[in-house]
Amino acid sequence: MSYLSWFKNHSKKHQEIVKKVATFELIEYFRWENISKTDIDFCPLFAQNRKCHDISNLNCYLCACPNFRFDDSAKSLKSWCSIDSKDGAKIEHEGIIHQDCSKCTIPHDEGYIKKHFDSSWLKIMKKCHS
Ligand code: SF4
């Protein structure tokens, strides 16, 4: 093996490890117990020491949710769930329907976050609106 091939190969392996550790730390950072203290302006509930879902392992990295869809210009159906989650529901108010995610915890699970991870939140959420 030449110096150069070792060098290039090692660089790839190194990059993979750096990527993995950084991702893990970023996800940990977004755990409610941490981010609700470090970035109080990230969510209006943090100032009230509240969570959107009463679960112990709440992670905020994928709030809102990559499965959420919305259309501000629609007349009646303003938002919906693209996977029709069994824990999702609809709320209707004055003829306008919105998606109710209050009982669905899919995007707050760290396994789900790792599976759909990208450092760009916008990229993960790109299908939420057209
Ligand atoms: S119901 Fe669940 S999966 Fe569907 S958009 Fe809401 S949080 Fe996401």
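Residues numbered from 1 in each chain as written. Predicted model: local features only at pLDDT ≥ 70, side-chain atom pairs only at ≥ 80, totals over all residues.

1. Examining the overall build of the protein chain
Here is step 1 of the chain: When helices and strands are counted, the protein chain shows four helices and four strands.
Here is step 2 of the chain: Across the protein chain, helices and strands are ordered from the amino to the carboxyl terminus as α-α-β-β-β-β-α-α.
Here is step 3 of the chain: The C-alpha atoms of the protein chain give a radius of gyration of 19 Å, which is well past the 14 Å a tight globule of 130 residues would have.
Here is step 4 of the chain: With respect to the three principal axes, the spread of C-alpha positions in the protein chain is 70 × 35 × 25 Å.
Here is step 5 of the chain: Sequence-distant contacts in the protein chain: of pairs separated by 6 or more residues, those separated by 24 or more amount to 46%. (Helix = DSSP H or I, 4+ residues; strand = E, 2+ residues; numbered from the N terminus. Rg over C-alpha atoms; globule rule 2.2 N^0.38 Å. Contact = placed C-beta atoms within 7 Å.)

2. Topic: helix 1 (residues 3-29)
Here is step 1 of the chain: Between the first and last C-alpha of helix 1 there are 38 Å, a value that for 27 residues agrees with the 39 Å anticipated at 1.5 Å per step.
Here is step 2 of the chain: Where burial is concerned, little of helix 1 is hidden: zero out of the 27 residues are buried. (Expected span 1.5 Å × (residues − 1). Buried ≥ 20, exposed ≤ 12 C-beta atoms within 10 Å, placed from the backbone.)

3. Overview of the confidence of the model for the protein chain
Here is step 1 of the chain: On average, residues of the protein chain carry a pLDDT of 93, and 100% of them reach 70 or more.
Here is step 2 of the chain: By mean pLDDT, the top-scoring element of the protein chain is strand 2 (residues 79-81) (97), and the lowest-scoring one is helix 1 (88). (pLDDT = per-residue confidence, 0-100.)

4. What about the environment of A89?
Here is step 1 of the chain: Counting through the fold element by element, A89 comes out in strand 3 (residues 89-93).
Here is step 2 of the chain: Note on A89: 14 C-beta atoms within 10 Å, which makes it partly exposed.
Here is step 3 of the chain: Along the sequence, A89 and N34 sit 55 residues apart, while their C-alpha atoms lie 29 Å from each other.
Here is step 4 of the chain: Ignoring any residue separated from it by four or fewer positions in sequence, one finds A89 in contact with D100 and K103.

5. Let's talk about the site of the ligand
Here is step 1 of the chain: What surrounds the ligand is the set C65, N67, F68, C81, I83, S85, G88, Q99, C101, C104, I106 and P107.
Here is step 2 of the chain: Taken together, the residues of the shell around the ligand sort by class into eight nonpolar, four polar and no charged. (Near = placed C-beta within 6 Å. Nonpolar A, V, L, I, M, F, W, Y, C, P; charged D, E, K, R; others polar.)

6. Some points on the pairing of strand 3
Here is step 1 of the chain: The element strand 3 is barely covered by neighbouring structure, given that only zero of its five residues are classed as buried.
Here is step 2 of the chain: In textbook terms, the turn of a hairpin is the stretch between consecutive antiparallel strands, and for strand 3 and strand 4 (residues 96-100) this stretch comprises two residues, one of which, E94, has a positive phi near 50 degrees. (Pairing = 2+ DSSP bridges.)

7. A closer look at the environment of E92
Here is step 1 of the chain: By the secondary structure assignment, E92 is in strand 3.
Here is step 2 of the chain: Among the residues examined, E92 registers 11 C-beta atoms within 10 Å and is labelled exposed.
Here is step 3 of the chain: Counting along the chain gives ten residues from E92 to S82, while the straight-line C-alpha distance between them is 18 Å.

8. With respect to the pairing of strand 4
Here is step 1 of the chain: The pairing of strand 3 with strand 4 spans five bridges and is classified as antiparallel. For H93, the partnering residue across the bridge sits in strand 4 and is I96.

9. Comments concerning the nonpolar core
What tends to happen in soluble globular proteins is that the nonpolar side chains get buried as a cluster.
Here is step 1 of the chain: Counting eleven residues, the largest nonpolar core is built from F30, W32, L58, C60, Y61, L62, C65, F68, C81, C101 and C104.
Here is step 2 of the chain: If sequence neighbours within four positions are ignored, L62 has contacts with P107, I113, H116 and I124. (Core = buried A, V, L, I, M, F, W, Y, C linked by C-beta atoms within 7 Å.)

10. Points about unusual backbone geometry
Here is step 1 of the chain: Here C63 and A64 are connected by a cis peptide whose omega angle stands at 15 degrees.
Here is step 2 of the chain: Among the structural elements, A64 can be located in the loop between helix 2 (32-38) and strand 1 (68-70).
Here is step 3 of the chain: Look at D84: it is not a glycine, yet its phi comes out positive at around 50 degrees.
Here is step 4 of the chain: For D84, the location among the structural elements is in the loop between strand 2 and strand 3.

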